[in-house]
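# Understanding the architecture of this molecule
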Amino acid sequence: MSPDDTPSPQEQEFDRAFAAKLAEFPVPADLEAKLLALGKTVLPAEDAEPQLAEIIRPSAFKRYWPLAAAATVALVLGVGSLIIPSPVEFPAIAEQADMGAIYRDHMAHFANERFFLDAMTDSASEAQASLRESGAPVFASVPAGLQPLGMMGCKSIDWNGGRVGLVCFTREDGEIVHLFIADKSGFAEADLASLTSLETSRGLQTGGWSDGEYVFMLVGSEPGIEVAEYLPAV
Amino acid sequence: MPDSPETVTSPAPDFDTVVKDYYTDIFRFAYSLVKNEPDAVDLTQQTFLKFARKGHQIKDHSKVKSWLATTMKREFYNSLRREKAHPSVEIEEADRLDYAEDSKAVQSMDASLAMDALAGIEDKFRLPLSLFYIQGLTYKEIAESLEIPIGTVMSRLSRGKDVLRAALHVS
């Protein structure tokens, strides 16, 4: 087979023969029973987050949900300003700065702060619509490495004179992985090379990549949350 | 290629149905990755455990098979240090081999020898070949699972088959 044409009949015959031979490879007799038993002992992860209009720092949602509820009550009572987190402010950006490094640092800074999500949703299309509506960059489809995770919600962030999209994903253990999406036009080509390295920034593991017109950055929600497995395969 | 299980359509398949439809292929895929039965069983269980917890989030039920394969691949990379020595095989030698002869040889060989030959080649070729031969995924599904372009899938399958055929001759 070559990339340009279909396999020859002889090659297809070999394919069939080899696939059939592999299908003869024995499977442990008790494996099916083990797996079926597994399904009876495991409950699906919760997929229905509380329907709050706003939410506190997503990386600690489970631990902070009472605070989020309190914020809702406080809003009703007119004392919301005492609880609602202030907008996250970023450090100044020096001229001639490596924007790849700045992006990494600032997004890790943001992930460490408390903030509200613009939309709580587990739907990629709803997150896309929300981010597009606010003028923030957004993926065309959920990056493959993140597809096994649940989606929690999204937020549009003001950064460096433009917008950055944030989509929060939930892991099986309840921890959060942040995906930041920035417009590539704000980065020099030379600054993109360092994005792909895994680095700890502000105590959080970070790693990024660029694709098409966007620059992506993954940031864990807590020290020790590794993001390597969610990065695109090299 | 092996017959694919029926395309999964709405309503969402229950756990038992997914296990019954896919566990044999998933186990064989696991074996091709880890090369021994206990680890392959563990990897299979880990994959279905993830499905038990997160399978309800799969919106397109026709993707269950590739979701399982992708999840297994990720679990494999997460849990194992995989840089083991692989037998080097002269690809050029395979070019001179005859597909018809190889097909006959494969038909008469033991399944474990075929599996060992597949399991012994380097990841770059083994993963797409396993997804192709064991999981029966299309080029497009393999590309999505491995997160590589479809052209790369085709070239790795092409070169991988040469390596595989040479390995079959060695074994």
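Residues numbered from 1 in each chain as written. Chains lettered and ligands numbered in written order. Predicted model: local features only at pLDDT ≥ 70, side-chain atom pairs only at ≥ 80, totals over all residues. Heavy atoms only, no water.

### Some details on the overall build of chain B
Condition: Counting from the N terminus, the helices are the DSSP runs of H or I reaching at least four residues and the strands are the DSSP runs of E reaching at least two. For every residue, the accessible area obtained with a 1.4 Å probe (protein chains only) is divided by the maximum for its type, and the residue is called buried under 20%, exposed over 50%, and partly exposed between those limits. Residue contacts are counted whenever heavy atoms from the two residues lie within 4.5 Å of one another. Computed with the Shrake-Rupley method and a 1.4 Å probe, the accessible areas treat only the protein chains shown as cover for residues.
Each helix and strand counted, chain B has 9 helices and 0 strands in total. Taken from N to C terminus, the helices and strands of chain B fall in the order α-α-α-α-α-α-α-α-α. Residue burial in chain B is summarised as follows: out of 171 residues, 53% are buried. For chain B, restricting intrachain contacts to residue pairs at least 6 apart in sequence, the fraction spanning at least 24 positions comes to 71%. When the accessible surface of chain B is split by element, carbon and sulfur atoms take 49% of a total near 7600 Å².

### Regarding the side chain of A:Gln205
Looking at where A:Gln205 falls in the secondary structure, it is placed in strand S6 (residues 204-211). Once residues lying within four places of it in the same chain are set aside, the contact partners of A:Gln205 are A:Leu198, A:Glu199, A:Thr200, A:Leu218, A:Val219, A:Gly220, A:Ile225, A:Glu226, A:Val227 and A:Ala228.

### A few points about the nonpolar core
Applicable threshold: Residue types Ala, Val, Leu, Ile, Met, Phe, Trp, Tyr and Cys, when buried and joined through side-chain atoms within 4.5 Å, form a set referred to as a nonpolar core. Note that the domain bounds reflect an automated or database-derived domain assignment.
Grouped together as the largest cluster of nonpolar side chains are 62 residues, with contacts concentrated most on A:Phe18, B:Phe48, B:Leu68, B:Tyr133 and B:Leu164. Per-element tally for this core: the top contributor is helix H1 (residues 15-34) of chain B, with 12 residues. Taken together, domain 1 (15-79) and domain 2 (91-170) of chain B each give at least three residues to this core, which thus spans both. Residues within four places of B:Phe48 in sequence aside, it is in contact with A:Leu35, A:Leu38, B:Phe15, B:Val18, B:Val19, B:Tyr22, B:Tyr23, B:Ile26 and B:Leu68.

### With respect to the side chain of B:Ser145
For B:Ser145, the position within the fold is in helix H8 (residues 139-146). Note on B:Ser145: relative accessible area 1%, which makes it buried.

### Re the confidence of the model for chain A
Residue and element names in this part refer to chain A. The condition is simple: pLDDT: the predictor's confidence for each residue, scored from 0 to 100.
When pLDDT is averaged along chain A, the result is 78, and 76% of the positions lie at 70 or above. Note that residues 45-71 has pLDDT below 50 and, in this model, 55 contacts with residues that lie over four places away or in other chains. For residues 74-84, every residue scores under 50 in pLDDT, and the model assigns this stretch 11 contacts once sequence neighbours within four places are set aside.

### Describing the interface of chain A and chain B
Inclusion rule: Note: buried area is the sum, over both parts, of the accessible area (probe 1.4 Å) each one loses when the two are combined. Salt-bridge detection follows one rule: a side-chain nitrogen of Lys or Arg within 4 Å of a carboxyl oxygen of Asp or Glu. Contacts described as polar in this section are N or O atom pairs within 3.5 Å, which, within protein, must combine one atom able to donate a hydrogen with one able to accept it, while residues neighboring in sequence count only if both atoms come from side chains.
Every contact between the two is made by 46 residues of chain A and, on the other side, 54 residues of chain B. Interface area, chain A with chain B, both sides summed: about 4700 Å², of which 66% is carbon and sulfur. Where chain A touches chain B, the interface holds 2 salt bridges. Among the ionic pairs, A:Asp15 bridges to B:Lys161, the shortest N-O distance being 2.9 Å. Where chain A meets chain B, there are 12 residue pairs in polar contact (both at pLDDT 80 or more). In terms of residue count, the dominant contributor to the side of chain A that touches chain B is helix H1 (residues 9-22) of chain A (11 residues).

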